[in-house]
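Summary of the model geometry
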Amino acid sequence: MNHFNYLIQKDFSNTPALGVVFDVNVYLDALLYIGDKFPELVKVPPKTGMAPRDCLSLAFDADRFSLHISPHIIENIADVLHKVGLPSKLIGESLQALVEIVQVSGGTVVAPPRLAFDSKDFEDNLVLDLLKYTDSKVLVTSDKGLLALNPWNHRLILSPMDFLEHIL
């Protein structure tokens, strides 16, 4: 299910030193936060009190880290948003906003080659592929299987709250 055309970049030469990857669950928790105006985000400093949303808000601060995302992550986000019944137009606009946040952070949208096989979960390995290919140093996730791998290949795997504590 392709809701929009996204830019796939292969040049990482202008990205800040700390590359970060957010797992699908971080984006979904940030976008589907009940009690706020979906899909609006607060810019830095984050003030929502919800760790995934505050993590995504920090991506506006390109001086701290660069955020990387893959078409695989984007498509999984789209699939879940579709399953919860959001209109296609809103899904497309939300995904486009995510890509723009990634680009504002100095990060990239990239389809990495298969590089990781350490998780029993195929989907988790695709997230690890992105982490490794972009040479990102941090993966932010709520996935217990991924969190159990911390540290992985000299990279941190942190919960959204732990990530906020490290960055702030």
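Structure's up top.
Report on the accompanying structure. (Residues numbered from 1 in each chain as written. Predicted model: local features only at pLDDT ≥ 70, side-chain atom pairs only at ≥ 80, totals over all residues. Heavy atoms only, no water.)

Structural notes on the overall build of the protein chain
Basically, it comes down to this: In this description a helix means any DSSP run of H or I spanning at least four residues, a strand means any run of E spanning at least two, and both kinds are numbered starting from the N terminus. Buried, partly exposed and exposed residues are distinguished by accessible area as a fraction of the type maximum, computed with a 1.4 Å probe on protein chains only: under 20%, between the cut-offs, and over 50%, respectively. Residues are treated as being in contact if the distance between any of their heavy atoms lies within 4.5 Å. Here the open area of atoms and residues is found with the Shrake-Rupley method and a 1.4 Å probe, where only the protein chains shown may cover a residue.
Looking only at helices and strands, the protein chain features seven helices and four strands. When the helices and strands of the protein chain are listed from N to C terminus, the series reads β-α-α-β-α-α-α-β-α-β-α. Going through the 168 residues of the protein chain one by one, you find that 47% of them count as buried. By sequence separation, contacts in the protein chain at least 24 residues apart represent 64% of the contacts at least 6 residues apart. Taken as a whole, the protein chain presents about 8100 Å² of accessible surface, with 55% of it coming from carbon and sulfur.

Examining the side chain of S136
Put simply, the rule reads: As used in this structure description, the phrase polar contact means that two N or O atoms lie within 3.5 Å; if the pair is within protein, one of them must be able to donate a hydrogen and the other to accept it, and residues adjacent in sequence are counted only when both atoms belong to side chains.
One can find S136 in the loop between α5 (122–133) and β3 (138–140). According to the relative accessible area criterion, S136 is buried, its value standing at 0%. A polar contact is formed between the side chain of S136 and the side chain of T134, at a distance of 2.7 Å. When neighbours within four sequence positions are excluded, S136 is seen to be in contact with G19, V20, V21, H68, L131 and R155.

Quick word on α5
Heads up, the condition is: A helix is expected to span 1.5 Å multiplied by its residue count minus one.
Between the first and last C-alpha of α5 there are 17 Å, a value that for 12 residues agrees with the 16 Å anticipated at 1.5 Å per step. Buried within α5 are the following residues: D124, N125, L126, V127, L128, D129, L130 and L131. Contacts made by the buried residues of α5 are with β1 (19–22), β2 (66–68), α3 (71–83), β3, α6 (144–147) and β4 (156–158). In this structure D121 caps α5, since a side-chain oxygen of it lies 2.8 Å from the backbone nitrogen of E123. One or two positions beyond α5, positive phi appears at D135, with a value near 55°.

Topic: the pattern of salt bridges
Working definition: two side chains of opposite charge can pair if their charged atoms are close together. Put simply, the rule is: Salt bridge, as used here: a side-chain nitrogen of Lys or Arg that lies within 4 Å of a carboxyl oxygen of Asp or Glu.
Applying the stated rule across the entire model yields four salt bridges. One salt bridge connects K137 with D135, and the closest N-O pair in it is separated by 3.1 Å. Residue classification places K137 among the partly exposed positions, given a relative accessible area of 34%. Residue D135 is classed as partly exposed on the basis of its relative accessible area, which comes to 41%. One salt bridge connects D135 with R155, and the closest N-O pair in it is separated by 3.2 Å.

Here we look at unusual backbone geometry
The phi angle of most residues is negative, glycine excepted, and most peptide bonds adopt the trans form. Here the bond from N150 into P151 is cis, since omega is -10°, no more than 30 degrees from zero. Along the chain, the position of P151 falls in the loop between α6 and β4. For N153, which is not glycine, the phi dihedral falls at a positive 50°. N153 gets classed as partly exposed once you look at its relative accessible area, which sits at 34%. Not every positive phi belongs to a glycine, and H154 is a case in point at roughly 65°. Considering the arrangement of structural elements, one finds H154 in the loop between α6 and β4.

What to know about the packing of aromatic side chains
Each aromatic ring pair is characterised by the separation of its centres together with the angle its planes make. As a reminder, the rule being used: Think of it this way: a Phe, Tyr or Trp ring, Trp meaning its six-membered ring, pairs with another when their centres are within 6.5 Å, and the plane angle makes it stacked under 30 degrees, edge-to-face over 60, tilted otherwise.
The tally for this structure, following the rule as stated, stands at four aromatic pairs. On the numbers, 5.3 Å between centres and 80° between planes, the contact of F65 with F163 is edge-to-face. In this pair, F65 is assigned in the loop between α2 (51–58) and β2 and F163 in helix α7 (residues 160–167), connecting sequence segments 98 residues apart. Since its relative accessible area comes to 0%, F65 is described here as buried.

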